[in-house]
Amino acid sequence: MSLRNNGRLSRREILKALSMCAAGSAMGPLLTGCREGLNTPAALEQLGGVRQARLDGKPRFLIVVGAVGGASIVDSMLAVRASETTAAGGNAAKLNTFADAQVQGVDGSPFRAVKVDSPQLGNIPVPVKVDQLPFVKKYKDSMLVATTVGTSVNHAIAQKRSLTGNGAWRGRTLQECVALQYGAGFPIPNVNMGNGGFSERGTDSSLPAYCYGEVVANPSLWPLGLDGLKGIKDAPARDVMTLARSVRNSLDAQSVFGKTFDDAAALELWNEQRTSGQAALEVRDLISRLNVLPDQPPKMPLSEYGLSSSPDGERLRAVFPNYMTDPVEGQAALAFLLLKHRVSVSVTLGPSFNMYVTPSYEVTNPPLAFDFSHNDHRSIQAFMWSRLMGTIDKLIELLKSEPFDSSGESMWDRSLIYMATEFGRTRSRPEGATEMFGTGHDLNNGFMVLSPMVRGNTVLGGVDPKTTLTYGFDPRTGAPEPGKMTSNEADIFSGILTTMGVDTSGSGLPDSSAFPRT
């Protein structure tokens, strides 16, 4: 197996090796010998230029949850009581403060939890009853909230900057950095089910192609496209298809088009994906292992087409019963399977601007998601925070139940969830209004990060109770810096990568040592 000029294996060579290792075990994970071969210090250096001391030979997993529309941190873990604003000399009635009873403290924690009881969801006649306390109490020791000031209030631009730290490292996204660090031996290292700017790739074209996100529009149906033969009635035998593919590839290479564009990067990638890449997917039977759909003749006759549901399908359908009608539930189910079966090291999910309802007409996503706050800030923020907290909770429980390896670690022990929001919301409200007041976009906000690897029960920064605006912190020590209102997108970006164990040497990123658990 040859090495390229940069000393790293090509994607084609890696996948060929994986295919050979997996050939004798179509239904199982990669053979132990193959995995151990890829995890030797020499191989790790070839696969990613990674320092073994930081990687420890094991991957870490990034889950990005895109909070479309602007999730306001002062409507959740950093909520402000009206009495606190009044005591600080502010006008609580004209700012986004809560009645004292609605902001619940969490014992031994700097976090807050909001309780909202609203008669309807904006102008949608759906009652909203939200209590964030159980979630915050459950995860406080694995939760870090970092305040931030962004640089854009445009949806798409702000979404992307929350992933790149505003181009902090050659325009790479967090997902691409994690895929580069850990994903060389994975079939599809970076799967992106997000929307808008959350689904965009970065601007560093020098990365290996496998680092860029594989965009998935429909998580429940996408796995059915991971095999070119299975699922087709009366299809020829696989060895016949393999021969036909070999002849096709040979003829393509000898064609005028193939010879003319033989050195084109796009054609090289295409050939890799449909040869070694396709084989690596098919040999692992991902069309079945990632399939949440049940076998339900005659409505969904999987067995009639030689297909089957994932062994985890029944459990996932119970955890996410709306997986077909609520895209976020479908995304979370697929995210779990992608990580469990070592298909990906980074997955991205999150709501869209579209309204969704269940077959029983229960609203699962309001129009514009968090941005419906233009219509009614208080109830929409409460509803959307509850929606994402509920999905995150279920996903974490699944990851906790799944062993990572024989060391006793679970998948959750090596995972990090980053709830990426676009921006915050303006703080003003009509005097005394508690319902049906709207808010605009604001640069001032904060992010929530959940992981056993992060410095838990921690707020980096703080909130000025007089204005309800957040202020910054020293990214190295974590010390709060009241009055600091400058943009710190690069600090957040660096802090997440540091926690994930990504080698950032030579990147020029700031030291964000305050993020990882020590």
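On a predicted model such as this, the values are computed, not experimentally measured, just so you know.

Asks: Where do I start with the pattern of salt bridges in this structure?
Replies: When the charged atoms of two side chains with opposite charge come close together, those side chains can pair. Overall, the coordinates contain 26 salt bridges when judged by the stated rule. The shortest N-O distance in the salt bridge between R315 and E402 comes to 3.8 Å. Taken as a pair, R315 in helix α13 (residues 313-319) and E402 in the loop between α15 (377-400) and β11 (415-421) lie far apart in primary sequence, 87 residues in all. Relative accessible area serves as the criterion here: at 32%, R315 is assigned to the partly exposed category. Notably, a salt bridge pairs D371 with R425, separated by 2.8 Å at the nearest N-O pair. Remark: R425 occurs in strand β12 (residues 424-425) and D371 occurs in the loop between β10 (363-365) and α15; sequence separation between them is 54 residues. For D371, a relative accessible area of 5% corresponds to the buried category. Looking at R425, the relative accessible area reads 0%, which means it is buried.

Asks: Which parts of the structure should I look at to understand the side chain of E402?
Replies: Residue classification places E402 among the buried residues on the basis of a relative accessible area of 14%. Not counting residues up to four positions away in its chain, the partners in contact with E402 are R315, F336, K340, S410 and M411.

Asks: Explanation requested: the environment of P59 in the structure shown.
Replies: Note on placement: P59 falls in the loop between α4 (52-55) and β1 (61-67). When neighbours within four sequence positions are excluded, P59 is seen to be in contact with Y182, F186, V345, F404 and R414.

Asks: Please clarify how the packing of helix α14 (residues 327-340) against α15 should be interpreted in this entry.
Replies: Any two packed helices are characterised by the angle at which their axes cross and by the distance between the axes. Across the interface, α14 lies against α15 with an axial gap of 10 Å and an inter-helix angle of 25 degrees. On the basis of their axis angle, the class for α14 and α15 is roughly parallel. Handedness of the crossing formed by α14 with α15: right-handed. Facing α14, whose interface residues are V328, E329, A332, F336 and L339, α15 presents R387, T391, K394, L395, L398 and L399. For the contact of α14 with α15, a count of residues per class yields 7 nonpolar, 1 polar and 3 charged.

Asks: What is the right way to look at the environment of I380 in this model?
Replies: Looking at the element boundaries, I380 is found in helix α15. Setting aside residues no more than four positions away along its own chain, I380 makes contact with L121, G122, P366, A369, F370, F372 and S373.

The rules behind the values
Each chain carries its own residue numbering, running from 1 in the direction its sequence is written. Where totals are concerned, whole chains, interfaces and linings use all residues; where local detail is concerned, this predicted model gives features only for residues with pLDDT of at least 70, and gives and counts side-chain atom pairs only at 80 or more. Where side-chain values are given, they derive from all heavy atoms of the structure, hydrogens and water being excluded. Salt bridges are defined by distance alone: a side-chain nitrogen of Lys or Arg within 4 Å of a carboxyl oxygen of Asp or Glu. Going along the chain from the N terminus, every DSSP run of H or I of four or more residues is numbered as a helix, and every run of E of two or more is numbered as a strand. Any residue under 20% of the maximum accessible area for its type is buried, any over 50% is exposed, and the rest in between are partly exposed; the area is computed with a 1.4 Å probe on protein chains only. Two residues form a contact once any of their heavy atoms are found within 4.5 Å. Here the axes come from fitting lines to C-alpha atoms, over the contacting stretch only for helices, and the angles between their N-to-C directions go from 0 to 180 degrees. An angle below 35 degrees is read as roughly parallel, one above 145 as roughly antiparallel, one from 65 to 115 as roughly perpendicular, and any other as oblique. Note on convention: the crossing is left-handed when the near helix lies turned anticlockwise from the far helix by less than a right angle, right-handed when the turn is clockwise. Each residue is assigned to one class: nonpolar for Ala, Val, Leu, Ile, Met, Phe, Trp, Tyr, Cys and Pro, charged for Asp, Glu, Lys and Arg, and polar for all the others, Gly among them.

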